[in-house]
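Residue-level structure breakdown
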Amino acid sequence: MGAPHTLRPVVFAAVAALAAFGLVSGARAEPYTGPLFDTHLHYNEEAVRPYPLADVLGRMQRSGVRAIVANSRPNDGTRALASALEATRAAGVTIVPFVRLYRNRADYNGWFKDESIHTMVLQQLAAGTPAGPFRGIGEFHLYESANANGPVARKLMQLAQAKDLAVLAHVDDDAIDLLMAHAPEARLIWAHTGIGGAPVARVRALLLKYPKLMGELSYRPGLTDGNGHLSTEWKTLMLEFPGRFLIGSDTWVNARWDSYEALMAQARLWLGDLPPAVAKGIAWGNAAALFGLDDAVEVKTKRP
Ligand SMILES: [Zn+2]
């Protein structure tokens, strides 16, 4: 049984009125305009010459990025960002340095069992940076989940837990369970929240199981629809766990630096599909809380 024919024009008129106020799909909210915290940024050695410090800081500033998780292969790029105190302050960008596990590309494939990488991480942590101590480890990759049980992977997870360092891990959902088994209290940031497309139900189950697990959202398949707006299932998940998601650029190749401002604009578009407080948390507040950033950082600086 359908509605009586006479009611239909009334229903259509009501839907049109709601659409005009952006309350139903078809009419979209404006993109998010507040501060961004880029929690997945690399300033790798091949980026340094084509994108000098002033250039990358300009890209961040024009994008409204007020803080970054900085890491690089090797760690020199991070050190360059963390040493440029005057330039980063002028750009209004707070640097949160992470120790990368990679001295070169070969390290991607064997770090989890390479004792010399464990030693290098300890040395970097001891040295710190001009912008303050390292706040995390990573990004690291595990192309096979079983390698999460490698001796150095286990030691680094336990080190992170003991020193309250965050861990940025590009891994599959099975490896999340294995890594968390080593260090159940570790603050693990799941890079891309499953780049292989772990089902949303599985992501939800992991967020419930590990209260400190956070999800970074670059490259996440299914996050947005063909128009760059948030998919229904991801919007539902974010409303269920508003404090658990982060945004990132993942400038892993130079092409990502070319499109840095477009990437941040894409994030602003789908963030605009969320209630303002949820959008601001995912864009900025969740990461600011994770790293104890003073909220003054965001009010001290102005958008260019
Ligand atoms: Zn990355």
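Below: a short report on this structure. Treat the numbers as computed from the prediction; the structure is a model and nothing was measured.

Thresholds, definitions, all that
Residues numbered from 1 in each chain as written. Predicted model: local features only at pLDDT ≥ 70, side-chain atom pairs only at ≥ 80, totals over all residues. Heavy atoms only, no water. Helix = DSSP H or I, 4+ residues; strand = E, 2+ residues; numbered from the N terminus. Buried < 20%, exposed > 50% of the residue type's maximum accessible area, 1.4 Å probe, protein only. Salt bridge = Lys/Arg side-chain N within 4 Å of Asp/Glu carboxyl O. 1 Å grid on protein atoms, 1.4 Å probe; cavity = no way out; pocket = protein on both sides within 12 Å on 5 of 7 lines; lining within 4 Å. Points joined across faces, edges and corners; volume = space filled by probe spheres on them. Nonpolar A, V, L, I, M, F, W, Y, C, P; charged D, E, K, R; others polar. Polar contact = N/O pair within 3.5 Å; in protein donor to acceptor, adjacent residues only side chain to side chain. Pairing = 2+ DSSP bridges. Core = buried A, V, L, I, M, F, W, Y, C linked by side-chain atoms within 4.5 Å. Contact = heavy atoms within 4.5 Å. Arc of directions from axis to C-beta. Phe/Tyr/Trp six-rings, centres within 6.5 Å; stacked < 30°, edge-to-face > 60°. Donors = N, O, S within 2.8 Å, 3.2 Å for Na, K, Ca; no water. Tetrahedral: all angles 85-135°; square planar, octahedral: opposite > 155°, others 65-115°.

Considering the environment of Pro199
The topology assignment puts Pro199 in the loop between strand 6 (187-190) and helix 9 (200-209). Take Pro199: its relative accessible area is 53%, and that puts it in the exposed class. Considering only alpha carbons, one finds Pro199 and Gly222, 23 residues apart in sequence, at a separation of 9.3 Å.

Observations concerning the pattern of salt bridges
Applying the stated rule across the entire model yields 15 salt bridges. Linking Asp114 and Arg103 is a salt bridge whose minimum nitrogen-to-oxygen distance equals 3.4 Å. Of this pair, Asp114 sits in the loop between strand 3 (94-99) and helix 6 (115-127) while Arg103 sits in the loop between strand 3 and helix 6, and the two are eleven residues apart along the sequence. Of the residues examined, Asp114 reaches a relative accessible area of 23% and is grouped as partly exposed. Judged by its relative accessible area of 33%, Arg103 falls in the partly exposed class. One continuous salt-bridge network, built from bridges that share partners, spans Asp173, Asp174, Asp177, Arg202 and Lys209.

Description of the layout of surface pockets
Roughly 340 Å³ of internal volume is contained in the second largest pocket. Contributing to the lining of the second largest pocket are 18 residues, with Tyr219, Leu223, Leu263, Gln266 and Trp270 lying nearest its centre. Broken down by class, the residue content of the lining of the second largest pocket amounts to nine nonpolar, six polar and three charged.

Considerations on the side chain of Arg73
The residue Arg73 is located in the loop between strand 2 (65-71) and helix 4 (76-83) in this model. Taking the relative accessible area as the measure of exposure, Arg73 reaches 2% and is therefore buried. At 2.9 Å, the side chain of Arg73 forms a polar contact with the side chain of Glu46.

Focus on the pairing of strand 1 (residues 36-42)
Among the seven residues in strand 1, seven count as buried, and that is most of the element. Both strand 1 and strand 2 contribute to a ladder of five bridges, which runs parallel. When the sheet's bridge partners are listed, Leu41 is paired in strand 2 with Ala70.

A few points about the nonpolar core
Membership of the largest hydrophobic core comes to 94 residues, with the highest contact counts inside it found for Trp270 and Leu271. Looking at this core element by element, the count peaks at eight residues for helix 13 (residues 276-290). Once residues lying within four places of it in the same chain are set aside, the contact partners of Leu271 are Tyr32, Leu36, Ile247, Ala279, Ile282 and Ala283.

Examining helix 10 (residues 232-240)
Three or more residues of helix 10 are buried, namely Trp234, Leu237 and Met238. Looking straight down helix 10, one finds that the buried residues subtend no more than 100° of arc, so they occupy a single side. In the core, the buried residues of helix 10 are packed alongside helix 9, strand 8 (245-246), helix 12 (260-271) and helix 13.

Brief notes about the packing of aromatic side chains
The relative placement of two aromatic rings is captured by the distance of their centres and the angle of their planes. For the structure on display, the rule yields ten aromatic pairs. Taking 4.0 Å as the distance between ring centres and 20° as the angle between the ring planes, the aromatic pair formed by Tyr102 and Tyr108 counts as stacked. Exposure remark for Tyr102: the relative accessible area of 0% places this residue in the buried category. Owing to a relative accessible area of 15%, Tyr108 belongs among the buried residues under this scheme.

Some remarks on the coordination of the zinc ion
Taken together, His40 (NE2), His42 (NE2), Glu139 (OE) and Asp250 (OD) make up the full set of protein donors to the zinc ion, lying 2.0 to 2.3 Å away. Because the angles between the four donor atoms bound to the zinc ion fall within 87 to 173°, the donor set is best described as irregular. Motif for the zinc ion, donor spacing along one chain: H-x1-H-x96-E-x110-D. A residue pair is termed long-range when its members are at least 10 positions apart, and Glu139 in strand 4 (residues 136-141) and Asp250 in the loop between strand 8 and helix 11 (254-258) qualify at 111 residues. Like Asp250, Glu139 is buried.

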